[in-house]
Amino acid sequence: MTDELIWRIAGGSGDGIDSTSQNFAKALMRSGLDVFTHRHYPSRIRGGHTYVEVRAASEPVKSRGDGYNFLLALGDSFARNPQEEAIYGNEELKPIVENLDELREGGIIIYDEGLIDIEEVPEFEARVEKNDWHVYPLDLRSLAREKGREVMRNTAGVGATAALLDYDLDHIEDLMADAMSGEILETNLDILQIAYDEVKAKEFTHDLRMPTGEHEEEQVLLSGSNAIAFGALDSGCRFIAGYPMTPWTEVYTLMSQYLPEVGGISEQVEDEIAAAALALGASHAGVKAMSGSSGGGFALMSEPLGLAEMTETPVVLIEATRAGPSTGMPTKPEQSDLEHVLYTSQGDSCRVVFAPGNVEEAYEQTRAAFEIAYDYQLPAIVLYDQKIGGELRNVDESFFDREPDPGLGATLTEEEIAEAAHHASGKFSRFQHDPGNERGVSPRSIPGQKGGRFLATGNEHNEQGHISEDPDNRAAQLERRIGKLDSIRGDLDAKESSNQTYRGPEDADYGIITFGSQQGTVEEAVDRLNDEGHSVRSMGVSDLMPLAEEELTEFLSSVDEALVVEMTASAQFRGLIQKELGRFGPKMHSLLKYNGNPFEPGEIVDGFEAIIGGDEPAPTTTFVPAAGD
């Protein structure tokens with residue numbers, strides 16, 4: 001993509017980098033451009049190098065790009081120790097030093113000379129000359145201090161950016177007016193204009209300009225976290241319990257903000273065991289409920305998750321995977337919780353797992369998780385990561401014009417309970433095993449319904465819920481519970497539109513398979529490869545349990561070789577496919593990345609060329625050939 005801006009704003013945590021980038025992205029969206037953001041931030045409240053990229057173009061953008069072409073380096077005003085010999089290095093300089101390697105040739109640099117001493121940046125002038133970078137030093141700090149407060153140097157930086165890109169300030173000023181008022185607004189507008197005018201007076205040496213575009217309908221700027229929350233609310237979810245843990249906290253915070261507006265309840269509890277248990281209790285009592293966590297927090301939910309499976313209590317859990325094990329890297333994306341989510345809790349799993357690949361899928365598959373959980377009386381999990389949870393993308397506003405679904409799924413009325421099977425003692429046969437019931441769903445009552453009394457226990461039990469260790473009962477109940485997955489798979493396969501996504505010609509020679517958040521990056525790589533004359537098709541898998549076996553079989557049968565792209569070190573997704581479809585093992589290669597950064601399209605292109613030409617993949621990735629190669 002040639003006509004694009006990839007703007008990176010870098011500073012310290014607490015410097016307003018995230019809010020500034022969001023507003024800039026929204027301004028570009030309102031001016032008719034498609035936008036996509038990428039966040040990189042440390043596990044610190046204040047200080048520590050952080051940056052956000054805003055990619056903007058006149059055509060749809062689904063991924064971060066390869067590198068970037070505009071750097072606004074603000075410095076880190078919360079640096080702990082501005083000394084090179086400090087254990088973390090000179091943090092004041094990191095917003096420029098740590099971003100130069102990825103700046104494209106011919107790129108633009110604005111740096112705040114009020115905070116950054118460029119003489120301390122190693123070999124800066126030599127690198128500028130070698131890469132034909134265009135450098136514009138500005139004392140943003142002094143301007144902000146003189147006219148308002150130091151934090152307003154972000155506003156000055158945005159004004160300078162707009163001037164260098166020949167971009168009108170109208171949309172930026174409108175956004176400011178939406179977000180603030182009074183003296184604060186006037187000061188920010190003043191600083192924005194002064195910086196703009198100061199830069200406009202300079203002689204430009206670069207060619208980069210802001211792209212132009214136009215949307216056919218109203219757009220909204222959302223993250224996957226927004227979409228999951230909206231999907232839950234539209235599914236009728238009215239209870240959430242949670243404990244904050246990055247990056248799941250965003251979904252939890254959004255739900256906590258919105259639930260009171262629709263009569264719902266949000267509870268912050270002492271730990272993740274309690275959170276999942278409360279959600280399970282709320283659902284048992286007749287409310288659509290959810291909980292969630294990340295990594296180690298989700299590990300604590302294993303026992304309540306198993307209880308939901310055994311008692312056949314519907315609940316939706318959200319798992320925001322991050323780099324592990326243990327605390328790992330809390331703010332960095334990875335997909336290595338896959339096997340943990342599929343199999344955690346003792347015994348044979350009976351759960352549904354979706355891994356959405358973009359904002360739209362995050363909404364739709366959250367709704368699907370609630371529908372299936374309450375129709376089939378089991379836990380459903382939405383698996384995502386910091387990448388999709390924190391990235392912002394513009395989406396057609398009309399996409400969310402959907403009917404809500406407040407229903408409780410397969411739940412009986414009191415009239416239906418009266419006609420249903422009961423034990424001679426009067427207890428309701430809640431876990432009735434009917435060999436003719438292919439779906440495996442037993443009749444469900446809600447506590448308090450007349451005639452609906454039963455026992456709910458984590459032990460194996462008979463039809464009324466009494467503990468039972470009878471071998472025949474055990475086999476019948478377990479087979480009924482597990483058999484639900486076959487019925488769910490049949491329902492998913494029968495849908496008009498698949499949860500899996502495809503890109504490229506149907507008769508392609510080669511395939512690229514991924515799951516979850518890497519979908520858009522893979523699709524951009526596929527477009528490039530086909531433009532270069534290769535024959536490539538991609539498949540983005542969302543249905544992880546029950547796995548989309550028919551579609552995977554058809555896809556793998558249609559290509560000569562396939563590259564499986566995932567953010568794990570142990571090729572967990574490739575392992576899942578081989579576990580279920582072992583005959584395709586000899587044609588599947590792996591491209592892995594686990595350094596805390598998501599894939600770039602160029603890395604996938606390099607990985608593909610490692611298959612067909614024996615080339616070396618990008619040094620940031622690992623290529624693992626097919627078994628037997």
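For the structure itself, consult the block above.
I will try to describe carefully the structure that is included in this document.

Cut-offs used in this document
Residues numbered from 1 in each chain as written. Predicted model: local features only at pLDDT ≥ 70, side-chain atom pairs only at ≥ 80, totals over all residues. Heavy atoms only, no water. Helix = DSSP H or I, 4+ residues; strand = E, 2+ residues; numbered from the N terminus. Rg over C-alpha atoms; globule rule 2.2 N^0.38 Å. Buried < 20%, exposed > 50% of the residue type's maximum accessible area, 1.4 Å probe, protein only. Contact = heavy atoms within 4.5 Å. Areas by Shrake-Rupley, 256 points an atom, 1.4 Å probe, with all protein chains shown as cover. Salt bridge = Lys/Arg side-chain N within 4 Å of Asp/Glu carboxyl O. Phe/Tyr/Trp six-rings, centres within 6.5 Å; stacked < 30°, edge-to-face > 60°. Lys NZ or Arg CZ within 6 Å of the ring centre and 35° of its normal. Pairing = 2+ DSSP bridges. Right-handed = clockwise from strand over helix to strand, strands pointing away. Axes fitted to C-alpha atoms, helices over the stretch in contact; angles between N-to-C directions.

### A look at the overall build of the protein chain
Secondary structure assignment for the protein chain yields 21 helices and 21 strands. The C-alpha atoms of the protein chain give a radius of gyration of 27 Å, which matches the 25 Å a tight globule of 629 residues would have. Along the first, second and third principal axes, the C-alpha atoms of the protein chain reach 90 × 60 × 50 Å. Evaluated residue by residue, the protein chain yields a buried proportion of 58% over its 629 residues. Considering only intrachain contacts with a sequence separation of at least 6, the fraction spanning at least 24 residues in the protein chain is 78%. Accessible surface, the protein chain: about 25,200 Å² in total, of which carbon and sulfur atoms supply 46%.

### As for the side chain of Q477
Relative to the helices and strands, Q477 resides in helix α17 (residues 471-494). What makes Q477 buried here is its relative accessible area of 1%. Not counting the four nearest positions on each side in its chain, Q477 is found in contact with F431, E460, H461, N462 and E463.

### Notes on the pattern of salt bridges
For side chains bearing opposite charge, pairing can occur when the charged atoms are close. Scanning the model with the defined rule gives 34 salt bridges in all. The residue R8 makes a salt bridge to E102 at a minimum N-O spacing of 3.2 Å. You can see R8 sitting in strand β1 (residues 4-12) and its partner E102 sitting in the loop between α2 (94-97) and β5 (103-112), a full 94 residues away along the chain. Here E523 and K62 are joined by a salt bridge, their closest N and O atoms 2.8 Å apart. Taken together, the residues E523 in helix α18 (residues 519-531) and K62 in the loop between β3 (49-57) and β4 (68-73) connect sequence positions 461 residues apart. Overall, E523 belongs to the buried group, its relative accessible area being 5%. Ionic contacts of the salt-bridge type, sharing partners, join the residues E4, R55, D66, R104, E524 and R528 into one network.

### A few points about the packing of aromatic side chains
Summed over the entire model, instances satisfying the criterion amount to 14 aromatic pairs. Ring geometry for F370 and Y374: centres 6.4 Å apart, planes at 10°, overall stacked. Separated by four residues within a single helix, F370 and Y374 lie in helix α14 (residues 359-376), roughly one turn from each other. As far as burial versus exposure is concerned, F370 and Y374 are alike and both buried. Taken together through their ring pairs, the aromatic side chains of F230, Y258, Y363, F399 and F400 make up a single cluster. Lying over the aromatic face of Y51, R8 brings its terminal NZ or CZ to 3.8 Å of the ring centre. Directly above the ring of F599 sits K593, whose terminal nitrogen or CZ lies 5.9 Å from the centroid.

### Here we look at the pairing of β5
Most of β5 is tucked away: seven of the ten residues are buried. Bridge analysis of β4 against β5 gives five bridges, and the strand direction is parallel. From the neighbouring strand, A73 faces β5, where its bridge partner is Y111. Where β5 meets strand β6 (residues 134-138), five bridges bridge the pair, whose relative direction is parallel. Within β6, the residue paired with D112 across the bridge is L138. In this region the chain leaves β5, passes through helix α3 (residues 124-131) and returns to the parallel neighbour β6; the handedness of that crossover is right-handed.

### Some remarks on unusual backbone geometry
Residue P325 is reached from G324 by a cis peptide bond, and omega for that bond is 0°. The residue P325 is located in the loop between β11 (315-321) and α13 (338-343) in this model. A cis amide bond links M545 to the next residue, P546, at an omega of -5°. The residue P546 is located in the loop between β18 (543-545) and α19 (549-558) in this model. Positive phi outside glycine occurs at E123, with the angle close to 55°. Residue placement: E123 occurs in the loop between β5 and α3. One non-glycine residue, A571, lies in positive phi territory at about 55°. Along the polypeptide, A571 turns up in the loop between β19 (561-566) and α20 (572-580).

### Observations regarding the pairing of strand β14 (residues 392-396)
With respect to burial, β14 is a largely interior element, four of its five residues being buried. Across five bridges, the pairing between strand β7 (residues 219-223) and β14 is antiparallel. Residue pairing across strands places L221 opposite N394, the latter belonging to β14.

### Considerations on the sheet that holds strand β20 (residues 588-592)
Strand order in this open sheet of six strands is β15-β17-β16-β19-β20-β21, and the pairing throughout is mixed. Looking along the sheet, the strands with just one partner apiece sit at the ends: β15 (501-503) and β21 (622-624). The mean inter-strand angle of the sheet, taken between neighbouring strand axes irrespective of direction, is 20°. Pairing between β20 and β21: three bridges, direction antiparallel. Among the inter-strand pairings, L592 is bridged to a residue of β21, identified as T622.

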